[in-house]
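Okay, here's what each chain looks like letter by letter:
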Amino acid sequence: MSILRTLTIVAGVLAGSLGVQAAPALAASPVKAKNVVLVHGAWADGSSWAQVIPKLQAAGLHVTAVQNPLTSLADSVAETRRVLAQQDGPTVLVAHSWGGTVISEVGTDPKVTGLVYVAARAPDAGEDFVALSRKFPAGPARAGVQEHDGFTKLSEDAFLKYFANGVDPTTAKVLYAVQWPTAASIFAGRTTAAAWRSKPSWYAVSKQDYTINPDLERFLAKRMNATTVELDAGHLSLVSQPDKVADLILAAAGQRE
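Residues numbered from 1 in each chain as written. Predicted model: local features only at pLDDT ≥ 70, side-chain atom pairs only at ≥ 80, totals over all residues. Heavy atoms only, no water.

Draft legend 1. Up close: the nonpolar core. Ranked by size, the top nonpolar core spans 73 residues in total, and within it Leu38, Trp49, Leu56, Val94, Val116, Tyr117 and Ile249 carry the most contacts. The contacts of leucine 38, once residues within four sequence positions are left out, are Trp49, Ile53, Leu56, Val63, Thr64, Ala65, Val66, Val94 and Ile249. (Core = buried A, V, L, I, M, F, W, Y, C linked by side-chain atoms within 4.5 Å. Buried < 20%, exposed > 50% of the residue type's maximum accessible area, 1.4 Å probe, protein only. Contact = heavy atoms within 4.5 Å.)

Draft legend 2. Representation of the pairing of strand E3 (residues 91-96). E3 sits mainly inside the fold: six of its six residues count as buried. Where burial is concerned, the two faces of E3 agree: the one with Thr91, Leu93 and Ala95 and the one with Val92, Val94 and His96 are both buried. Pairing of strand E1 (residues 35-39) with E3 involves five bridges; the strand directions are parallel. Directly across from valine 37, in E3, lies its bridge partner leucine 93. (Helix = DSSP H or I, 4+ residues; strand = E, 2+ residues; numbered from the N terminus. Pairing = 2+ DSSP bridges.)

Draft legend 3. Seen up close, the packing of helix H6 (residues 156-163) against helix H7 (residues 169-177). For the pair H6 and H7, interaxial distance at closest approach is 10 Å and the crossing angle is 130 degrees. Accordingly, the angle class assigned to the pair H6 and H7 is oblique. When the axes of H6 and H7 are compared, the crossing they make is right-handed. Listed contacts from H7 to Glu156, Phe159 and Leu160 of H6 are Ala172, Lys173, Leu175 and Tyr176. Among the residues making up the contact of H6 with H7, the classes are represented as five nonpolar, no polar and two charged. (Axes fitted to C-alpha atoms, helices over the stretch in contact; angles between N-to-C directions. Parallel < 35°, antiparallel > 145°, perpendicular 65-115°, else oblique. Left-handed = near helix turned anticlockwise from the far one by under 90°. Nonpolar A, V, L, I, M, F, W, Y, C, P; charged D, E, K, R; others polar.)

Draft legend 4. Up close: the packing of aromatic side chains. One pass over the full model with this rule turns up seven aromatic pairs. Summarising the aromatic geometry, the rings of tyrosine 117 and tyrosine 203 are spaced 6.1 Å apart at their centres and angled 5 degrees between planes, so their arrangement reads as stacked. Here the residue tyrosine 117 occupies a position in strand E4 (residues 112-118), and tyrosine 203 occupies one in strand E8 (residues 201-206), the gap between them amounting to 86 residues. Exposure class is identical for tyrosine 117 and tyrosine 203. Each is buried. Geometrically, the ring pair formed by tyrosine 162 and tyrosine 210 is edge-to-face, given 6.1 Å between the ring centres and 80 degrees between the ring planes. (Phe/Tyr/Trp six-rings, centres within 6.5 Å; stacked < 30°, edge-to-face > 60°.)

Draft legend 5. Quick look at the pattern of salt bridges. Applying the stated criterion across every chain yields a total of 10 salt bridges. Here arginine 223 ties to glutamate 127 by a salt bridge, and the two come within 2.8 Å at their closest N and O atoms. Of this pair, arginine 223 sits in helix H8 (residues 214-223) while glutamate 127 sits in the loop between E4 and helix H5 (129-133), and the two are 96 residues apart along the sequence. Since its relative accessible area comes to 18%, glutamate 127 is described here as buried. Note that arginine 218 is salt-bridged to glutamate 230, the shortest N-O span being 2.7 Å. Of this pair, arginine 218 sits in helix H8 while glutamate 230 sits in strand E9 (residues 227-231), and the two are 12 residues apart along the sequence. (Salt bridge = Lys/Arg side-chain N within 4 Å of Asp/Glu carboxyl O.)

Draft legend 6. Representation of unusual backbone geometry within the structure. Even without glycine at this site, leucine 70 takes up a positive phi of about 60 degrees. The class for leucine 70 is buried, based on a relative accessible area of 0%. One non-glycine residue with positive phi stands out, namely asparagine 225, at about 60 degrees. By the element assignment, asparagine 225 lies in the loop between H8 and E9. With relative accessibility at 38%, the residue asparagine 225 sits in the partly exposed group.

Draft legend 7. View of the sheet that holds strand E5 (residues 145-148). Sheet architecture is open: three strands sit in the order E5-E6-E7, paired in antiparallel fashion. Two strands lie at the open edges of the sheet, namely E5 and strand E7 (182-183), each paired on one side alone. In the sheet, strand E6 (residues 151-154) pairs with E7 via two bridges, with the strands oriented antiparallel. By the bridge assignment for E7, phenylalanine 151 is matched with alanine 183.

Draft legend 8. Highlighting the pairing of E8. Counting buried residues in E8 gives six out of six residues, a clear majority hidden from the surface. Of the two faces of E8, the one holding Ser201, Tyr203 and Val205 and the one holding Trp202, Ala204 and Ser206 are both buried throughout. Looking at chain direction, E8 and E9 are connected through five bridges and run parallel. Bridge pairing in E9 places tyrosine 203 opposite threonine 228. Note that the unit made of E8, H8 and E9 has a crossover that is right-handed. (Right-handed = clockwise from strand over helix to strand, strands pointing away.)

Laid out in structure tokens, this is it:
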């Protein structure tokens, strides 16, 4: 690890402990990682990474997909920390959608060498992300949220039209069938850390996203000084464009120029 990278990380940790807002991590050459940990978002499960995983494995990376419980931010963080603790060296943390909240909290772990956000939230420490997102027009998928006993799912119509737009219809219906119930309370959860302020970050913006506003994604990517790609894809770019998502992860793992 370079002296510059080390100083950047140390500054971020000290700033967080003192309650001072640090600048985003400086852009730098990625550290070569041997592990990738994938964190899925709301209304999904680990199978949403099914087409990305073999591409990463073919490059020689050890890959683990977290089965994110989606019951609370604390539960999701705990499960991701448990998986991260099992990694035996430098690790890239990757998240889709709400999972970005989780890796923003967990990514301060010393094993983590880089963060990849795929159409994902990227809250600052203590930030009211719901208030931030209201500064951008809401996507039509939100109208399809259905709540029962404190847990939410997307209606079939909203899932297929707006959450999985651009995905093969047969695959989209399978993903709808396995969508994981998501506690309504998790969306208001606030992190205590913003790992992207001390770790190099990459961001894949979905230009046809009807779940998270693409301009919000661009705002987040710029704020974190992320290496950014824009994909002609809907919210589930990890399913509709797995090659490009995998390429971004490989770049973060030091496997690409």
